[in-house]
Amino acid sequence: MAKHRVTLIPGDGIGPEIADVTKACIDATGVQIEWDIQHAGVDIMETAGTPLPDSVIASIRKNKVALKSPITTPVGTGFRSVNVALRTALDLYACVRPCKSYEGVRSRYRNIDLVIVRENTEDLYAGIEFQKGAQETKELIDAIARLGQKKIREDSGVSIKPISVFGSERIVRYAFEYARKNGRKKVTAIHKANIMKFSDGLFLEVAREVAKKYPDIEFNDRIVDNMCMQLVQSPEMYDVLVLPNLYGDILSDLCAGLVGGLGVAPGANIGENGALFEATHGSAPKYKGLNKVNPCAVLLSGVLMLRHLGEKEAADRLENATADVIREGKYVTYDLKEDRKDPTAVGTKEMGQAIIDRMKVLK
Ligand code: NAD
């Protein structure tokens, strides 16, 4: 019997070809995984009648661990994002995005090693929205005026920003636990508490309380705008960053930019009901089926998954093999070449094979 059972969602667009390569590379580590392949996304909408069949969620609930390739968010069909729906259905409250420099990836910076821990369920992304001109919006605007707050202009749309003690506490605790488990030294809480005293202010207050329980880990906080400047000027001063949803979204991209972009940006969404590992990038439909794109972001998400499964040695070997292939720059996809039109760029499959070959040497 396999040691682990993992849900694999091949996704759509460039998803399936990357998933194939990732699965082959993970299998080549020798870790015994029984893959429970579950389809979701635009390619199955016609047959399944939905881009997210219940069986997908049931499979993750059962297996507790999933690896997912990107899925397109269909525009104008009435379906919301499958990616968001999965995170909500499973209450995957922590989005973890390590941003690490790999030699050979073009970037303005070297030696970056940051981890973003983003709250995934609250804040302006909670989906509590009031459309301009709607009756409920008028009622809300009137109620806010009645409650002695400022008058909101009648032609406004309104989005609500809820931040709770519960949500803040569990994400900050997660960041500290992550720091402890992964030998990290410092956690920085990011906020705009000077302006949003009752939402970001609460987040900061809770973060300070949680920090007291982790005297072995340094804690500090930064205002989000200042943090953006500091990350660009001296990223080496930071380690683990914990943020509410919106700032987490924005700073994830900023940090992905520090390490050379989406091609090497892995991620994980984690909660009590399971853990779902996925790249930061999307389904890049224009490259679908061309065996062209970089598999590394999903592959490195697979490395995070192996660590989560307790397979540290296999994770390190797969990460080192990937790093070696990127550094050597020979068997890499177009986006990792100095010139994107370089005819010596290899395809997704060939880069995966080079990583498998490299792993054999590292054994
Ligand atoms: P995208 O990340 O799919 O693509 C943007 C561009 O980045 C591509 O055109 C390509 O040039 C480059 N790129 C992305 N991945 C690459 C890779 N592996 N190798 C080389 N180059 C790569 O972003 P988008 O075009 O904004 O979104 C396309 C679809 O993906 C949308 O439907 C969006 O909703 C969805 N999406 C899904 C996820 C997810 O599954 N978690 C995340 C983001 C976007």
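Residues numbered from 1 in each chain as written. Predicted model: local features only at pLDDT ≥ 70, side-chain atom pairs only at ≥ 80, totals over all residues. Heavy atoms only, no water.

**Some points on the nonpolar core**
Next up, step 1: Counting 64 residues, the largest nonpolar core has Ile 33, Val 242, Met 305, Leu 318 and Met 351 as its most contacted members.
Next up, step 2: Counting contributing residues, this core receives three or more from each of domain 1 (1-101 + 261-363) and domain 3 (163-258).
Next up, step 3: Ranked by size, the runner-up nonpolar core spans 16 residues in total, among them Ile 112, Met 227, Leu 231 and Cys 255. (Core = buried A, V, L, I, M, F, W, Y, C linked by side-chain atoms within 4.5 Å. Buried < 20%, exposed > 50% of the residue type's maximum accessible area, 1.4 Å probe, protein only. Domains from an automatic or database assignment.)

**Topic: unusual backbone geometry**
Next up, step 1: Backbone geometry places Lys 64, a non-glycine residue, at a positive phi of 70°.
Next up, step 2: Classification of Lys 64 by relative accessible area gives partly exposed; the value is 42%.
Next up, step 3: Positive phi, close to 70°, is recorded for Asp 123, a residue that is not glycine.
Next up, step 4: Along the chain, Asp 123 turns up in the loop between strand S5 (113-119) and strand S6 (129-130).
Next up, step 5: For Asp 123, a relative accessible area of 1% gives the class buried. (Helix = DSSP H or I, 4+ residues; strand = E, 2+ residues; numbered from the N terminus.)

**Concerning the domain arrangement of the protein chain**
Next up, step 1: Each domain of the protein chain was delimited in the assignment, giving domain 1 (1-101 + 261-363), domain 2 (123-161) and domain 3 (163-258).
Next up, step 2: The C-alpha-based centres of domain 2 and domain 3 are spaced at 29 Å.
Next up, step 3: The interface of domain 2 with domain 3 comprises four residues on the first partner and nine residues on the second.
Next up, step 4: When the buried surface of domain 2 facing domain 3 is broken down by residue, Asp 123, Tyr 125 and Lys 161 rank first, second and third, together holding 93% of it. (Contact = heavy atoms within 4.5 Å. Buried area = accessible area lost by both parts, 1.4 Å probe.)

**Considerations on the sheet that holds S5**
Next up, step 1: With mixed pairing, ten strands are arranged side by side in an open sheet as S2-S1-S3-S12-S11-S4-S5-S10-S8-S9. Looking at the sheet topology across the chains shown, the edges are occupied by strand S2 (33-37) and strand S9 (218-223). The sheet shows a mean angle of 25° between the axes of neighbouring strands, taken without regard to direction.
Next up, step 2: Of the pairings in the sheet, the one linking strand S4 (residues 94-100) to S5 comprises seven bridges and is antiparallel in character. From the neighbouring strand, Lys 100 faces S5, where its bridge partner is Asp 113.
Next up, step 3: Each of strand S1 (4-9), S2 and strand S3 (65-68) touches helix H1 (residues 15-28); the most contacted strand, S2, lies at about 165° to it.
Next up, step 4: Contacting S1, S3, strand S11 (268-271) and strand S12 (274-278), helix H4 (residues 82-89) crosses the sheet at an angle of about 160° to S12. (Pairing = 2+ DSSP bridges. Axes fitted to C-alpha atoms, helices over the stretch in contact; angles between N-to-C directions.)

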